Amino acid sequence: MFLTYMETVTKELVSWMRGHESSVFSISVHASGKYAITTSSDTAQLWDLDTFQRKRKLNIRQSVGIQKVFFLPLSNTILSCFKDNSIFAWECDTLFCKYQLPAPPESSSILYKVFAVTRDGRILAAGGKSNHLHLWCLEARQLFRIIQMPTKVRAIRHLEFLPDSFDAGSNQVLGVLSQDGIMRFINMQTCKLLFEIGSLDEGISSSAISPHGRYIASIMENGSLNIYSVQALTQEINKPPPPLVKVIEDLPKNKLSSSDLKMKVTSGRVQQPAKSRESKMQTRILKQDLTGDFESKKNELPDGLNKKRLQILLKGYGEYPTKYRMFIWRSLLQLPENHTAFSTLIDKGTHVAFLNLQKKYPIKSRKLLRVLQRTLSALAHWSVIFSDTPYLPLLAFPFVKLFQNNQLICFEVIATLIINWCQHWFEYFPNPPINILSMIENVLAFHDKELLQHFIDHDITSQLYAWPLLETVFSEVLTREEWLKLFDNIFSNHPSFLLMTVVAYNICSRTPLLSCNLKDDFEFFFHHRNNLDINVVIRQVYHLMETTPTDIHPDSMLNVFVALTKGQYPVFNQYPKFIVDYQTQERERIRNDELDYLRERQTVEDMQAKVDQQRVEDEAWYQKQELLRKAEETRREMLLQEEEKMIQQRQRLAAVKRELKVKEMHLQDAARRRFLKLQQDQQEMELRRLDDEIGRKNLTENQEALAKEMRADADAYRRKVDLEEHMFHKLIEAGETQSQKTQKWKEAEGKEFRLRSAKKASALSDASRKWFLKQEINAAVEHAENPCHKEEPRFQNEQDSSCLPRTSQLNDSSEMDPSTQISLNRRAVEWDTTGQNLIKKVRNLRQRLTARARHRCQTPHLLAA
């Protein structure tokens, strides 16, 4: 969420301020117009309206919401009201918590929703969802009254005090808008219902009262806007105070009878009642009281202030409190606040004399420059002489800077200053006010002849030592705080106080001034700040006001203070009208001549501009034609180069096409060859596959035949061995019967031992033959599978067969008898013979397989050839 700061006159956006996350429902502006407080449901923020920047932010817990945060009128106090009925008061400058209001009694405890404060900031009214109103005294910080509204009031939606012209800000009438749409106005002291607006049929939605309490504007629930006149509603609100003189009425006379009408006339002296001493004293006291009341009435100021009391306060403290200064100034100057008249002046716009104000006075702040321009324009529209017053910006600038957020007050302060403290300034216009400067010089001559003689000796006139201070109202030689303190005293005294201040400033600065000898030094001194105590200057002014003789005292030549009239501003014509009119006519003539000159110069400049433009256009046309010609030639050259490039590219393309065609033919021939080679390889592979199948079939048949033959030989050999064993057993049996019986057992054991040895030898021989046969068969199979490999030599020499175990190596001849030895040798020879036959058969088989394999290896080469 962000706030926009609009200018009400020009309807322009001045600034926008961002900071709130939720919607803003309350805005409160300080009486000086320098600060503003914006309030939303979760936070309140303090803004500086000079810089439009956030100064402080009030953060609260989510459980405790904010009801309202606002400035108290005519004070520097901020009041914050929360949803838990807690009310805190804060100091605006330091944000220090001044106090907290105590909790209301439980018997009448309500949740506060709406609040209102009197104009003097002393009484706070609070209400909510109840028919009770709580009135708090902020000075005593306690609840001093509870007002019960009628029973038909169940909730209070809005509270607002009705301003009164005669109550000095302590408003006594409070407007209460309830839930039924009726706004009731009650007297807080008597608790009497004075009048009411709105009805059940035409209820009020919201309402506002004018600053002077004359009108009430109400937005009705049906959308219409009603304006009520307070004077027409009641006569009790704005009635004047009772007169000071009371008339004592006579007692009612008795009815005269007929006898009373008759009177008896007697001679003699008429007896008169003697006047007593008490009656004389009472008369004298009454006259004194009437005179005192007149003086008191003369010193009474608006808003309940008294000028004499303010002057006593000012002499005691030297200045007014900062937070009440603007309020006191407005009361001292009795500003009428003519909104309509001021709006009329503003609506006339910026005066022609100040259109180029920023060139002569380059102010950094755009806002300050705009306010200064608008204020000076309003002054020029008010009186024509101010449009030609050269020092008016210097005179108005400090007040514009001080009241830049309230332009109405700024204008009226400057206008009041001009009417009262600038009397007779414009009688010698456009020259400085010689008469005023002569007054200052006479007072200076009376109080400090040496300083005046020093000025005369160095040719320094009052236009140098007095007029710079007057036309800038001391803003060049004083700081802000010193200037404010000085004008606290100027606005509180006779208009001659300003002239006496010029004399006092020179007298208090006599030491540095007497040491100056050059004119430039004097000019510098009266246009720059100096090391001077403003309190000493102010005391000197009061001394001069009291000790200056009457014949040269400025107050005898200046009128007393006169406030601006209410409603319309007074006519200001205290200047030589013929000179102003003549200057106005001359200025108008000069302005018209200047306008004619400007028009002629503008015409010449337009013609020259047209000629220059035509020349520039012609030169541009020629340059363009030249560029077009060069561009055409460049493009023709580019076209020729492109054509040559195209021819070369076409030639290269034709060569590339030829190369591609040759490559394509080579690729086709290579592809054809690869295809034929592939077909040939496929046929060779098919032939090799068929040969392999044939070879595997023949090998299988030969292996089966060889296996059958070897099984038959093995069976025959086994039968023969069995038969020999049987014969051997028989032989052993026959030998045993012929041996001696004594060696029978020993021989039997030896035979049994030899028999076991023979069996071992036989088994070893069988194993050797089987191993040899297996090796031969494996070699034959390998040769059949790889016919093209060379045959590895196996058992080339007969010596290789020596690795086979022999039966004879197992026999121990020393343990056998000759007959057993012969039998075993014979049997071993037979076994060797059988084994040799098997080996021969295997070798024959290998030779046949090898021949076939070689034949197969030669066949593919023949086919390929």
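Here is what the cut-offs are and how they apply
Residues numbered from 1 in each chain as written. Predicted model: local features only at pLDDT ≥ 70, side-chain atom pairs only at ≥ 80, totals over all residues. Heavy atoms only, no water. Helix = DSSP H or I, 4+ residues; strand = E, 2+ residues; numbered from the N terminus. Buried < 20%, exposed > 50% of the residue type's maximum accessible area, 1.4 Å probe, protein only. Contact = heavy atoms within 4.5 Å. Areas by Shrake-Rupley, 256 points an atom, 1.4 Å probe, with all protein chains shown as cover. Arc of directions from axis to C-beta. Pairing = 2+ DSSP bridges. Axes fitted to C-alpha atoms, helices over the stretch in contact; angles between N-to-C directions. Core = buried A, V, L, I, M, F, W, Y, C linked by side-chain atoms within 4.5 Å. Parallel < 35°, antiparallel > 145°, perpendicular 65-115°, else oblique. Left-handed = near helix turned anticlockwise from the far one by under 90°. Nonpolar A, V, L, I, M, F, W, Y, C, P; charged D, E, K, R; others polar. Patch = residues over 30% accessible without salt bridge, like charges linked within 9 Å, V, L, I, M, F, W, Y side chains within 5 Å. Salt bridge = Lys/Arg side-chain N within 4 Å of Asp/Glu carboxyl O. Phe/Tyr/Trp six-rings, centres within 6.5 Å; stacked < 30°, edge-to-face > 60°. Lys NZ or Arg CZ within 6 Å of the ring centre and 35° of its normal. pLDDT = per-residue confidence, 0-100.

Enquirer: In this structure, what is going on with the overall build of the chain? I would like to understand it.
Expert: Counting secondary structure elements, the chain contains 21 helices and 21 strands. Counting across all 865 residues of the chain, residues that qualify as buried make up 38%. The contacts in the chain between residues at least 6 apart in sequence include a share of 58% that link residues at least 24 apart. As presented, the chain carries roughly 54300 Å² of accessible surface, and 53% of it is formed by carbon and sulfur atoms.

Enquirer: Explanation requested: helix H5 (residues 339-347) in the structure shown.
Expert: Looking only at H5, the buried set comprises Ala341, Phe342, Leu345 and Ile346. All buried residues of H5 fall inside an arc of 135° around its axis, so they share one side. Looking at H5, the residues exposed on the side facing more than 90 degrees away from the buried face are Thr340 and Asp347. The inward-facing, buried residues of H5 contact helix H7 (366-382) and helix H9 (407-420). Just past H5, the residue glycine 349 takes up positive phi, approximately 85°.

Enquirer: Explanation requested: the sheet that holds strand S15 (residues 156-162) in the structure shown.
Expert: Two strands in a sheet stick together by hydrogen bonds in their backbones, pointing the same way (parallel) or opposite ways (antiparallel). As summarised here, the arrangement of the 4 strands in space is S15-S16-S17-S18, forming an open sheet in which the pairing is antiparallel. Because the sheet does not close on itself, it has two edges, and the strands there are S15 and strand S18 (192-197). For this sheet, the mean angle separating the axes of adjacent strands, direction not counted, is 25°. Pairing of strand S17 (residues 183-187) with S18 involves 5 bridges; the strand directions are antiparallel. Across the sheet, the residue bridging to asparagine 187 is lysine 192, located in S18.

Enquirer: Got a minute to help me understand unusual backbone geometry in this structure?
Expert: Excluding glycine, residues mostly carry a negative phi; peptide bonds, for their part, are mostly trans. Even without glycine at this site, leucine 95 takes up a positive phi of about 55°. Examined against the element boundaries, leucine 95 turns out to sit in the loop between strand S9 (87-91) and strand S10 (97-100).

Enquirer: Got a minute to help me understand the nonpolar core in this structure?
Expert: As a rule of thumb, soluble globular proteins bury nonpolar side chains together. Counting residues in hydrophobic clusters, the biggest one holds 106 residues, and the most contacted among them are Trp329, Trp382, Phe399, Leu470, Phe474, Trp483 and Phe491. Counting residues per element, this core draws most heavily on H9, which supplies 10 residues. Aside from chain neighbours lying at most four places away, what touches phenylalanine 491 is Trp329, Leu332, Leu333, Phe399, Val413, Leu417 and Trp421.

Enquirer: Mind showing me how you'd approach the sheet that holds strand S6 (residues 53-59) here?
Expert: If you walk across this open sheet you meet the 4 strands as S3-S4-S5-S6, and the pairing is antiparallel. The open sheet has two edge strands, strand S3 (24-29) and S6, and neither has a second partner. Adjacent strand axes in the sheet meet at a mean angle of 20° when their direction is disregarded. Here 5 bridges tie S3 to strand S4 (residues 35-40), and the two strands are oriented antiparallel to one another. Of the residues in S4, the one forming a bridge with valine 24 is serine 40.

Enquirer: How do you make sense of the packing of helix H8 (residues 392-402) against H9 when you look at a structure like this?
Expert: The relative placement of two packed helices comes down to the angle between their axes together with the axis-to-axis distance. Between H8 and H9, the shortest axis-to-axis distance is 10 Å and the interhelical angle comes to 130°. In terms of their interaxial angle, H8 and H9 are classed as oblique. As H8 runs across H9, the sense of the crossing is right-handed. On H9, the residues that touch Leu392, Leu395, Ala396, Phe399 and Val400 of H8 are Cys410, Val413, Ile414, Leu417 and Ile418. Here the residues of the contact of H8 with H9 sort into 10 nonpolar, no polar and no charged.

Enquirer: Looking at this structure, how should I read a nonpolar patch on the surface?
Expert: A cluster of nonpolar side chains, namely Tyr215, Ile219, Leu225 and Ile227, defines an oily patch on the protein surface of about 430 Å² accessible area. If you list the elements that add at least two residues to the nonpolar patch, you get strand S20 (215-220) and strand S21 (225-229). Inspection of the secondary structure puts tyrosine 215 in strand S20.

Enquirer: Mind showing me how you'd approach the pattern of salt bridges here?
Expert: Two side chains bearing opposite charge may form a pair once their charged atoms approach each other closely. Applying the stated criterion across every chain yields a total of 23 salt bridges. Between arginine 122 and glutamate 139 there is a salt bridge, and its shortest N-O distance comes to 3.4 Å. Here arginine 122, found in the loop between strand S11 (112-117) and strand S12 (123-128), pairs with glutamate 139, found in the loop between strand S13 (132-137) and strand S14 (142-148); they are 17 residues apart in sequence, far enough to count as distant. Looking at arginine 122, the relative accessible area reads 45%, which means it is partly exposed. Arginine 184 is the partner of glutamate 196 in a salt bridge, and the nearest nitrogen-oxygen pair spans 3.8 Å. Separated by 12 residues along the polypeptide, glutamate 196 in strand S18 and arginine 184 in strand S17 bring together distant segments of the chain. Connected through salt bridges with shared partners, the residues Asp120, Arg122 and Glu139 form a single ionic network.

Enquirer: What am I meant to see in the packing of aromatic side chains here?
Expert: The relative placement of two aromatic rings is captured by the distance of their centres and the angle of their planes. Applying the stated criterion across every chain, the model contains 33 aromatic pairs. Between the aromatic rings of tryptophan 382 and phenylalanine 386, the centroid separation amounts to 5.8 Å while the plane-to-plane angle is 25°, which identifies the pairing as stacked. Using a relative accessible area of 0% as the deciding quantity, one classes phenylalanine 386 as buried. Counting every residue linked through ring pairs, the aromatic cluster contains Phe342, Trp382, Phe386, Tyr391, Phe411, Trp425, Phe426, Trp467, Tyr569 and Phe572. Seen from the ring of phenylalanine 70, lysine 68 lies directly overhead, with NZ or CZ sitting 5.2 Å from the centre.

Enquirer: I would appreciate a short explanation of the pairing of S9 in the present structure.
Expert: On any regular strand, side chains alternate: one points to one face of the sheet, the next to the other face. Where burial is concerned, most of S9 is hidden: 4 out of the 5 residues are buried. Inspection of the sheet shows strand S8 (residues 77-82) paired to S9 by 5 bridges, in the antiparallel sense. The partner of cysteine 81 across the bridge, within S9, is isoleucine 87. Between S8 and S9, which pair antiparallel one after the other, the connecting turn spans 4 residues, and asparagine 85 there sits at a positive phi close to 70°. Pairing analysis gives 3 bridges linking S9 to S10, with the strands arranged antiparallel. From the neighbouring strand, alanine 89 faces S10, where its bridge partner is tyrosine 99.

Enquirer: Honestly, the packing of helix H10 (residues 434-447) against helix H11 (residues 449-457) in this entry has me stumped. Any pointers?
Expert: At a minimum axis distance of 6 Å, the contact between H10 and H11 shows a crossing angle of 125°. When the axes of H10 and H11 are compared, the pair comes out oblique. Contact residues: H10 offers Glu441, Leu444, Ala445 and His447, while H11 offers Lys449, Leu451, Leu452 and Phe455. Each residue belonging to the contact of H10 with H11 can be placed in one class, and the counts come to 5 nonpolar, 1 polar and 2 charged.

Enquirer: So what exactly am I meant to see when it comes to the environment of serine 210 here?
Expert: One can find serine 210 in the loop between strand S19 (204-209) and S20. For serine 210 and leucine 162, which are 48 residues apart along the polypeptide, the C-alpha to C-alpha distance reads 8.7 Å. When near neighbours in sequence (up to four residues on either side) are disregarded, serine 210 contacts Pro163 and Tyr215.

Enquirer: So what exactly am I meant to see when it comes to the side chain of asparagine 435 here?
Expert: Here asparagine 435 lies in helix H10. Apart from the residues lying within four places of it in its own chain, the contact partners of asparagine 435 are His424, Glu427 and Tyr428.

Enquirer: What exactly am I supposed to notice about the confidence of the model for the chain here?
Expert: Any region with low pLDDT has predicted coordinates that should not be read closely. A residue-level look at the chain finds 78% of positions with pLDDT of 70 or above and a mean pLDDT of 79. Confidence, expressed as mean pLDDT per element, reaches its minimum in the chain at helix H2 (residues 277-299) with 42 and its maximum at helix H15 (residues 496-508) with 93. Here residues 249-294 is a poorly scored stretch, pLDDT under 50, and it has 3 contacts once near neighbours within four places are set aside; other chains count. Segment residues 859-865 is flagged for pLDDT under 50; beyond a separation of four residues in sequence, or across chains, it makes 3 contacts in the model.

Enquirer: Just to check I follow, could you spell out the pairing of S6 for this structure?
Expert: With 6 bridges connecting them, strand S5 (residues 43-48) and S6 associate as antiparallel partners. The partner of glutamine 45 across the bridge, within S6, is lysine 57. Between the end of S5 and the start of S6, which pair antiparallel, lie 4 residues, with phenylalanine 52 showing a positive phi angle near 60°.

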